[in-house]
Amino acid sequence: MFCQRVGWRLYFAGGNVESRQRNKVVFDKCVTPWKGYAMQRQQEGWHLVDTESARQAFGMSTVNMFISGNAACAYGAFVAGARFFAGYPITPSSEIFSMMKKLMSRFGGVAYAPEDEIASIGMVIGASLCGAKAMTATSGPGFSLMQEELGFAILNEVPLVIIDAMRVGPSTGQPTKPASADIAAIIHGRHGDCGDAVVVLSPSSVTECFSMTISAFNLAEQFRVPVIIALDGYLSQLEEPFTIPRHIWVYERIKDAAGPPFGVDGAVSNFLPIGGARPIAYTGATHDASGARKSFDSLACRSLISHLLKKQMSILHDVQNMSVYMPVRHETHRVHDAEYIVVGYGACSRAVKDAVTKLRSDGITAGAVLLKTLWPIRDAMFAPYRHVSRVVIAENNTGQMFSLLSRFFPSERLVSFSKYDGEPIRTSELYEFCVRAFCAYPRHIVQAVDYAAHNEARNVPEQEKVCAPAEACESAVSDDITEHTAYPFCAGCGHKTFSDTLLGALKNYGLSAENTIFISGIGCGSIVPATFNAHLIKTSHGRALNAARAVSLIRPDHTIIVISGDGDLANIGGNHLLHTIREKKRFPMACFCLDNANYGMTGGQPSSTTPDSAYDDTDSAQTPFDLKRLLYDGCGIDFFARTSVYDRAHLKEAITRAVSAARKGISAFVQVGSPCTTYFMKHHKESFSRAELHTAQGIWERDNNES
Ligand code: SF4
């Protein structure tokens, strides 16, 4: 009754009617002690999940299964509702990938191994933008590769989870040795302002690996933010007894609601999925609350950055007030009368706790603060410990959290215990260090400190609204794919001809904003779909095909059209291109490479398709890619066309047949010769070879259908 009244679903995703009925019985039994909490959350998208069916499906006994931290993360992700995983194997995170593959193949979902970590996070972003709960797992070197795309996810408020199983580094370091070596990179490693608009959690046991992965998804979905689990390599490999809890709370993203797709002033807006009821553009460029691109608007820039800052403050507040069902706060041990504090996180929390117990038995009044949330944090969290005489921060690195926490404590009180030899911190060595740190300094030298300066939240200026979101959103609602933004490029640029021809062809084909999704990268060519009134993911440079692969898996009912340039697709994205085509049957899409044979946007530098005769004296000539030989003859794509904007009839035919192929589940690639009137002709000895493109043009389709 209660269940019906509050309108909740009690479920294990994928469960049948029988299991749902069983869940309801369990729910009715357990609801009484939870009722107050449940009532509080009934409007907020939360669901109580009975894990019994999951436990049985996983073949777990009721208590004390021995599993690793990696396995616990995978189970946690699955129970939290993750149904998309992309990852590249790397020690010590590889078991997460294997586990997710097993779980997905058995119970439903997608676990995919693309060519590298850049592709992994790109696919995760694409999946999440379609509305799926998505995760990737890696280790330090792989995490470095993900940083660029993480910036895109932060700017577009994409919910996703990354597990970084940390090891000794930099570079290959000691891949099998544990460390907490990536903390600074995880928190601050991105480019640009607000690169730290993420949440970072740090489990200290196998049980917490499970619960914090669930918390990570809940936070990611609730706040539309990337959440990173900083997992000690030691813990990822450690096997411990583990009992899957009977019930957990899971948050489901609120989708397709009215209103603007992005928040302002720190508010978390509802989520509009790619492929949903309303066309929506996610772009790496500065945007306003309606999603409109605002690359030159200083007011929009200030508003967006301020919004991300404020949102982080609200996350901070919520994380600090989490209930027992979201175990992501810091924990304390014997701090009520402590004169000294030892701070730890991750796997070394155990040594910290044990060392404090031993110090107490020796009459030293120490307490432990065990951090579960490493970021965002601020001074209020440490306010209760301002009076203590000395704070030791213990960690398995050179003192990365020590540097961060030093803004909250006066330097004369803070002492770093850092260990970075690939071995875990042992209780005995930490105990001995603490004895020296706590007893070697007279207490009277510690002065009272005014923490007001540290206590300030980031000073976020009030800002004006940058647009009337509702109006802007309304104007975006339309069935037709039309050009709704004036084409911003140079006179005579071939991309405009392509754009017009494509729109005409799509209209004839009956493709609308409801059934078509555009993906592009960076560069002049990739701007073409950004002028359309349609679903768009405009990714980081070279990463269009990563998002496109995920979208084609999750939105098979849509036609996926990728539009980008030769530099984006064949240079920086060349590896992704080969691997996408290698699995062409799995990822049907029409990919248009607007080949202007140079980097137009950045001033005409040679690209991988620049003819060798066209190099000037500042570069040594390189052999250009023959994309037909590479992709059609070499990788076996089933449809390849080479055409140009000089021959509109042929261009139209190539576009129409490529889209038709994509709609039939065939991957199609079209190389469109499109002159860069501004730069190519200025910087290269040879003008854009109209004649060459004409003679070389053609359409090649398997099954003896070449023309
Ligand atoms: S720089 Fe070249 S490719 Fe870019 S818009 Fe101008 S003409 Fe077109």
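Starting from 1, residues in each chain are numbered consecutively following that chain's sequence as written. Restriction of local features to residues with pLDDT of at least 70 applies here, the model being predicted, together with a cutoff of 80 or more for giving and counting side-chain atom pairs; totals for whole chains, interfaces and linings are based on all residues. Side-chain metrics in this entry use all non-hydrogen atoms of the structure; hydrogen atoms and water are not considered.

Per the convention used, a helix needs a DSSP run of H or I reaching at least four residues, while a strand needs a run of E reaching at least two, with both numbered from the N terminus. The number of helices and strands found in the protein chain is 24 helices and 27 strands. Each of the 707 residues in the protein chain was classed as buried or not, and the buried ones make up 60%. Whether two residues are in contact is decided by their heavy atoms, any of which lying within 4.5 Å being enough. Across the protein chain, contacts joining residues at least 24 apart in sequence account for 77% of those joining residues at least 6 apart. In these tables, accessible area is a Shrake-Rupley quantity obtained with a 1.4 Å probe, and a residue counts as shielded only by the protein chains included in the view. With the model as given, the accessible surface of the protein chain reaches about 26,600 Å², and the carbon-plus-sulfur share is 51%. For every residue, the accessible area obtained with a 1.4 Å probe (protein chains only) is divided by the maximum for its type, and the residue is called buried under 20%, exposed over 50%, and partly exposed between those limits.

A few words now on the site of the ligand. Around the ligand sit F489, C490, C493, H495, C524, N596, G600, C676, T677, T678 and Y679, and those are all the residues in its vicinity. Residues that form the shell around the ligand fall into these classes: six nonpolar, five polar and no charged. When at least one non-hydrogen atom of a residue lies within 4 Å of a molecule or strand, that residue is treated as near it. Amino acid classes used here: Ala, Val, Leu, Ile, Met, Phe, Trp, Tyr, Cys and Pro are nonpolar; Asp, Glu, Lys and Arg are charged; the rest, including Gly, are polar.

This paragraph deals with the sheet that holds strand β21 (residues 559-565). Two strands qualify as a pair provided DSSP detects at least 2 bridges between them. Ordered in space as β12-β20-β19-β21-β22-β26-β25-β27, the eight strands form an open sheet in which the pairing is mixed. The open sheet has two edge strands, β12 (281-283) and β27 (698-701), and neither has a second partner. Going across the sheet, the axis of each strand differs from the next one's by a mean of 15°, ignoring polarity. Pairing between strand β25 (residues 639-644) and strand β26 (residues 668-673): six bridges, direction parallel. When the sheet's bridge partners are listed, F640 is paired in β26 with F669. Only the stretch in contact is used when a helix axis is fitted, and all axes are lines through C-alpha atoms; the angle between N-to-C directions ranges over 0 to 180 degrees.

Another point: the packing of aromatic side chains. Geometry of an aromatic ring pair is reported as the spacing of the ring centres plus the angle between the planes. When two rings of Phe, Tyr or Trp (its six-membered ring) have centres within 6.5 Å they constitute a pair, described as stacked for plane angles under 30 degrees, edge-to-face for angles over 60, and tilted for the intermediate range. Going through the model one piece at a time under the given rule, you end up with 15 aromatic pairs. When the centroid spacing of 4.5 Å and the interplanar angle of 20° are considered together, the rings of Y340 and F438 count as stacked. Of this pair, Y340 sits in strand β14 (residues 340-345) while F438 is found in helix α14 (residues 427-439), placing the two residues 98 residues apart along the sequence. Each of the two residues, Y340 as well as F438, counts as buried. Aromatic side chains F382 and F408 sit 5.6 Å apart centroid to centroid with 25° between the ring planes, which places their arrangement in the stacked category. Residue F382 is found in the loop between β16 (373-375) and β17 (390-395), and its partner F408 is found in the loop between α13 (400-405) and β18 (414-418); the two are separated by 26 residues along the sequence. Judged by its relative accessible area of 2%, F382 falls in the buried class. Following the ring pairs from residue to residue traces out a cluster consisting of F262, F271 and Y282. Counting as a charge over the ring demands two things of the Lys NZ or Arg CZ atom: a distance within 6 Å of the ring centre and an angle within 35 degrees of the ring normal. Above the ring of F271, the side-chain terminus of R253 is found at 4.4 Å from the ring centroid. The cationic tip of K358 hangs over the ring face of Y431; the distance from NZ or CZ to the ring centre is 4.5 Å.

Now for helix α18 (residues 544-554). Because the α-helix completes a turn every 3.6 residues, residues three or four places apart line up on one side. Burial within α18 is extensive, with nine of its eleven residues counted as buried. For α18, the full list of buried residues reads A544, L545, N546, A547, A548, R549, A550, V551 and S552.

We now examine the pattern of salt bridges. The rule for a salt bridge is simple: a side-chain nitrogen of Lys or Arg has to be within 4 Å of a carboxyl oxygen of Asp or Glu. All chains considered together, the criterion is met by 22 salt bridges. Among the salt bridges present, the one from E52 reaches R246, with a minimum N-O distance of 3.7 Å. Here E52, found in helix α3 (residues 52-58), pairs with R246, found in the loop between β10 (239-242) and β11 (247-251); they are 194 residues apart in sequence, far enough to count as distant. Owing to a relative accessible area of 13%, E52 belongs among the buried residues under this scheme.

The next subject is the confidence of the model for the protein chain. Detailed reading of the predicted coordinates is not advisable wherever pLDDT is low. The predicted model of the protein chain has a mean per-residue pLDDT of 82, with 83% of residues at 70 or higher. Every residue carries a pLDDT, the predictor's confidence in it, which falls somewhere between 0 and 100. Confidence drops under pLDDT 50 across residues 1-43; counting only partners more than four residues distant or on other chains, this segment forms 64 contacts. Between residues 442-478, whose pLDDT stays under 50, and residues either more than four places distant or in other chains, the model counts 70 contacts.

Multiplying one less than the number of residues by 1.5 Å gives the expected span of a helix. With 16 residues, helix α22 (residues 648-663) should reach 22 Å at 1.5 Å per residue; the first-to-last C-alpha distance of 22 Å fits that figure. Within the sequence span of α22, burial applies to H650, L651, A654, I655, A658, V659, S660, A661 and A662.

Before going further, it helps to examine the packing of helix α17 (residues 494-509) against α22. At a minimum axis separation of 9 Å, α17 and α22 run at an interaxial angle of 50°. Here α17 is positioned oblique relative to α22, judged by the angle of their axes. Relative to α22, the crossing made by α17 is right-handed. On α22, the residues touching T497, F498, T501, L502, A505, L506, N508 and Y509 of α17 are R648, L651, K652, I655, T656, V659, S660 and R663. Class assignment of the residues belonging to the contact of α17 with α22 gives a composition of eight nonpolar, five polar and three charged. Working rule for angles: under 35 degrees goes down as roughly parallel, over 145 as roughly antiparallel, 65 to 115 as roughly perpendicular, anything else as oblique. Crossings are sorted by hand: turned counterclockwise from the far helix by less than a right angle, the near helix makes the crossing left-handed, and turned clockwise it makes it right-handed.

What follows covers the nonpolar core. Ranked by size, the top nonpolar core spans 85 residues in total, and within it L371, M401 and I519 carry the most contacts. Residues within four places of M401 in sequence aside, it is in contact with I183, I187, Y345, L371, L374, I377 and E395. Joining through side-chain atoms within 4.5 Å is the link that ties buried Ala, Val, Leu, Ile, Met, Phe, Trp, Tyr and Cys residues into a set, and such a set is a nonpolar core. Counting residues in hydrophobic clusters, the runner-up holds 50 residues, among them A72, C73, M99 and A137.

Before going further, it helps to spend a moment on the sheet that holds β18. In space, the five strands of this open sheet follow the order β13-β15-β14-β17-β18, with mixed pairing throughout. Lying at the two open borders of the sheet, with one neighbouring strand each, are β13 (331-333) and β18. Direction aside, neighbouring strands of the sheet carry axes that sit 20° apart on average. Here helix α12 (residues 349-361) sits on the sheet and contacts β13, β14, β15 (366-371) and β17; the angle it forms with β15, its principal contact strand, is near 170°. α14 rests against β14, β15, β17 and β18 of the sheet, and its axis sits at about 155° to β17.

On to the packing of helix α6 (residues 117-129) against α18. Here α6 crosses α18 at 45°, and the two axes come no closer than 7 Å. In this view, α6 runs oblique relative to α18, as classed from their interaxial angle. Pair α6 / α18 crosses with right-handed handedness. Taking contact as the criterion, the partners of I118, A119, G122, M123, G126 and A127 in α6 are, on α18, N546, A547, R549, A550, V551, L553 and I554. Per-class residue counts for the contact of α6 with α18 are nine nonpolar, three polar and one charged.

Structurally, E208 is set in helix α9 (residues 206-223). With 132 residues separating them in the primary sequence, E208 and G76 have C-alpha atoms 9.5 Å apart. Excluding residues within four positions of it along the chain, E208 makes contact with S202, P203, T213, E331 and K372. Here the side chain of E208 touches K372 through a polar contact of 3.0 Å, side chain to side chain. Any N or O atom pair separated by 3.5 Å or less is treated as a polar contact, with the protein-specific requirement of one donor-capable and one acceptor-capable atom, and with residues adjacent in sequence counted only for side-chain atom pairs.

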